[in-house]
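Chain by chain, the residues run as shown.
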Amino acid sequence: MTAPVKIGLEIHVQLGGRKLFCECPTESDGTSYGSIYRKLSLSTGEMGNYDPAAVYEKGRSRVFEYEISDNSCLVEYDEEPPHDVNSEALLKGLAVSHALNCRTVDVLEYMRKIVVDGSNTSGFQRTAIISFGGWVDTTRGRVRISTICLEEDSARKISDASAEVSYSLDRLGIPLLEIATEPDIVDGEHAVEVAKQIGDIILLSGWSRRAPESIRQDVNFSMGYGRVEIKGVPKLSVIRDCLLYEKERQASLKEIADRLGNNWENGIEFTDVTHLFAETGSKVIRKSLDAGMKVYASLLPGLNGYLKNGAYRLGRELADVAKLYGSGGIMHSDELPGYGVKDEVKSLKDMLKPRAADGFFIIVSDEAHMGIIGREMNSRISKILRLDLSETRYADAQGETHYLRPLPGGERMYPETDIPNYPITQELVRRSREIVPKTREELIAEFCRKYGISRQEASSIIVNNLSGVIEDYASVLNNGKLAARLLLQVIPDLEKKASKDINMADVRKLLTALAGRNAMKEEYERALDLLIVQSMHIDSILVSPEMKVLDDGELRKVIVALLEGDNINEKNLIPRLRATIKGIFDPSTAFRIFKDISGKQN
């Protein structure tokens, strides 16, 4: 009998402000100050055992490059112990815990979670449980919250090659809330609802960073063959896609295992067949051979027709392993001839001598990796045929999942010795209850009242995760309506016109400078155009001739000249002035002067 499907979520939310264990800001201006390099070593867990996921990553023997960002310091380089925990991030985490009906812990005790995939310069991630035992009520019933952790985010991956991976330190150390549910979720639609409901609490608070990766989801899935953790699901809409894909993938592997049984005897043994491809017509293989790689082939005993045939996709499981070790994948007997490989197929069969039930495949790789690739592929097929499908996978943008590494175990954790225990006092709990995020309706009403904006504008600010930004901008500008206009209309239009992401730190600096000289609305809009579209430096913008504001006398002269030459009326006055004047003028003043001149002429 098929076991029931179990689904759980881990919602990760970055908090803005400063990093968790140093004073560096969470935002970067993109400046890089060189690189540092690391080759990480293994550490045992608290009980003296090695974590299987860490052992696997260590076996890939990679070198890691870290780009030094403007918002990083010796703590991120792992050259200095962590500073005191960010008390503001902790307070916000406790407030979110209350909103999700969780019980807070009495003492915050940080642990080290071993990671040797290069995502942290130290080889571990600092994490602590701040609350547990909560719930959210949904249309499909109550979903329990198992734990909420406050941890440091990992470094941001820039590139991933076979032997070297590049990261940026701009994201490393950002406060990250990890909200984990119990496996109470019914299906993909329900998973999307739960993720949206939990994420909404953070978005409404305005505490999360305004960045594409500020909220991301991991999905835990099981249909009786072991837990699969799907990392980094990029969008809510992809959750249901990757769950459907994983359910179909596991059902297919179950059928293959039932047909073949658990009798895999390390059937993959590689033979160097490079000489067969000396005159190959395959551009992919030719390019790799020119780079100094070799072509290897192996039989796949009993797997003919299971590599790529209808719902069977066992070849993809092997290709995922190959890609993790720098190869482009594999070409197998269920798809050959193909990919420019034609004449070589007969020679391969003559050399490998497959039986009718046997498949075979070729792989292009460097010789140094072939031993471990063979071991990992044999282990993978054996594990699949035993129907032990527990592992860590990742989701792509289309919702397909791919093998990443073995599932980590309890061996990856051990106590953090550089951070003292932090008591969660009753005073801290009281303060956190005072800032529990408001509901959507409460926040819309507050924004309308506080900033003098419409309900539609308030709703748009919430949906676009701008709650914290408008509070900041309204304070800088001392004008809530102007802040809303800039955030919802002017900046998005200019960003679209420029076809590039904008640096919000520069935007704030510019707005602050203009607010200091009591600028009017038109000055802000012109200055933002110069910054975003024309990429001018802030200092140059402030002294640019295009930022000159015409006084009444200068504006009157321009209007008089226009009236002498053209048919000017109230409808076309402002467009004609904007086409004529390089500087800035107040439209209401222009209308007043126009009416005054027109009245005298009449």
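We now turn to the structure provided with this report. Since this is a predicted model, take the numbers as computed values, not measurements.

Parameters at a glance
- Residues numbered from 1 in each chain as written.
- Predicted model: local features only at pLDDT ≥ 70, side-chain atom pairs only at ≥ 80, totals over all residues.
- Heavy atoms only, no water.
- Helix = DSSP H or I, 4+ residues; strand = E, 2+ residues; numbered from the N terminus.
- Buried < 20%, exposed > 50% of the residue type's maximum accessible area, 1.4 Å probe, protein only.
- Contact = heavy atoms within 4.5 Å.
- Lys, Arg positive; Asp, Glu negative; His and termini not counted.
- Charge placed at Lys NZ, Arg CZ, Asp CG, Glu CD.
- Core = buried A, V, L, I, M, F, W, Y, C linked by side-chain atoms within 4.5 Å.
- Domains from an automatic or database assignment.
- Expected span 1.5 Å × (residues − 1).
- Polar contact = N/O pair within 3.5 Å; in protein donor to acceptor, adjacent residues only side chain to side chain.
- Phe/Tyr/Trp six-rings, centres within 6.5 Å; stacked < 30°, edge-to-face > 60°.

**Remarks on the overall build of the chain**
- Summing up its helical and strand segments, the chain has 20 helices and 21 strands in all.
- If you line up the chain on its principal axes, its C-alpha atoms span 105 × 65 × 50 Å.
- Here the chain holds 602 residues, and 51% of them are scored as buried.
- For the chain, long-range pairs separated by at least 24 residues make up 73% of all intrachain contacts whose partners lie at least 6 apart in sequence.
- When the 79 positive and 90 negative side-chain charges of the chain are each reduced to one mean point, those points stand 4 Å apart.

**Quick word on the nonpolar core**
- Membership of the largest hydrophobic core comes to 87 residues, with the highest contact counts inside it found for Leu100, Tyr110, Leu177, Leu300, Ile363 and Met377.
- If one sorts the elements of this core by residue count, helix H4 (residues 188–205) sits on top with eight residues.
- A domain-level breakdown of this core finds at least three residues from each of domain 1 (6–227) and domain 2 (270–388).
- Non-local contacts of Met377, meaning those with residues more than four positions away in its chain, are made with Ile268, Phe270, Leu318, Val321, Ala322, Ile330, Phe361 and Ile363.
- Listed in part, the 41 residues of the second largest apolar core include Ile462, Leu487, Leu494 and Met520.

**Quick word on helix H15 (residues 504–515)**
- For H15, built from twelve residues, the straight-helix expectation of 16 Å at 1.5 Å per residue is met to within 8% by its first-to-last C-alpha distance of 16 Å.
- Summarising the contacts, the buried residues of H15 are in contact with helix H13 (467–477), helix H14 (480–498), helix H16 (521–532) and helix H17 (538–542).
- Put simply, Asn503 is the residue that caps the front of H15, since its side-chain oxygen is 2.9 Å from the backbone nitrogen of Ala505.

**Some details on the environment of Pro337**
- You can see Pro337 is positioned in the loop between strand S16 (330–332) and helix H8 (344–352).
- Accessibility expressed as a relative area gives 55% for Pro337, which makes it exposed.
- As a C-alpha pair, Pro337 and Ala579 span 242 residues in sequence and 65 Å in three-dimensional space.

**Let's talk about the side chain of Thr280**
- Within the secondary structure, Thr280 sits in the loop between strand S14 (271–272) and helix H6 (283–290).
- According to the relative accessible area criterion, Thr280 is buried, its value standing at 10%.
- At a separation of 3.1 Å, a polar atom in the side chain of Thr280 contacts the main-chain amide nitrogen of Ser282.
- Reaching out from Thr280, the side chain makes a polar contact with the side chain of Glu344 at a distance of 3.0 Å.

**With respect to the packing of aromatic side chains**
- In the structure shown here, the tally under the stated rule is seven aromatic pairs.
- Measuring from ring centre to ring centre gives 5.2 Å for Phe21 and Tyr110, while their planes differ by 80°; the resulting arrangement is edge-to-face. Here Phe21 is found in the loop between strand S1 (6–14) and strand S2 (32–38), whereas its partner Tyr110 is found in the loop between strand S5 (107–108) and strand S6 (111–114), with 89 residues between them in sequence.
- Taking the relative accessible area as the measure of exposure, Phe21 reaches 2% and is therefore buried.
- The exposure class assigned to Tyr110 is buried, which follows from its relative accessible area of 2%.
- Where Phe124 meets Tyr414, the ring centres are 6.5 Å apart and the plane angle is 70°; that geometry is what we call edge-to-face. Note that Phe124 is positioned in strand S7 (residues 124–138) and Tyr414 in strand S20 (residues 413–415), a separation of 290 residues in sequence.
- Note on Phe124: relative accessible area 8%, which makes it buried.
- Judged by its relative accessible area of 16%, Tyr414 is buried.
- Members of the aromatic cluster, connected to one another through ring pairs, are Phe64, Tyr66 and Tyr167.

No statement about biological role is implied by the geometric values presented.
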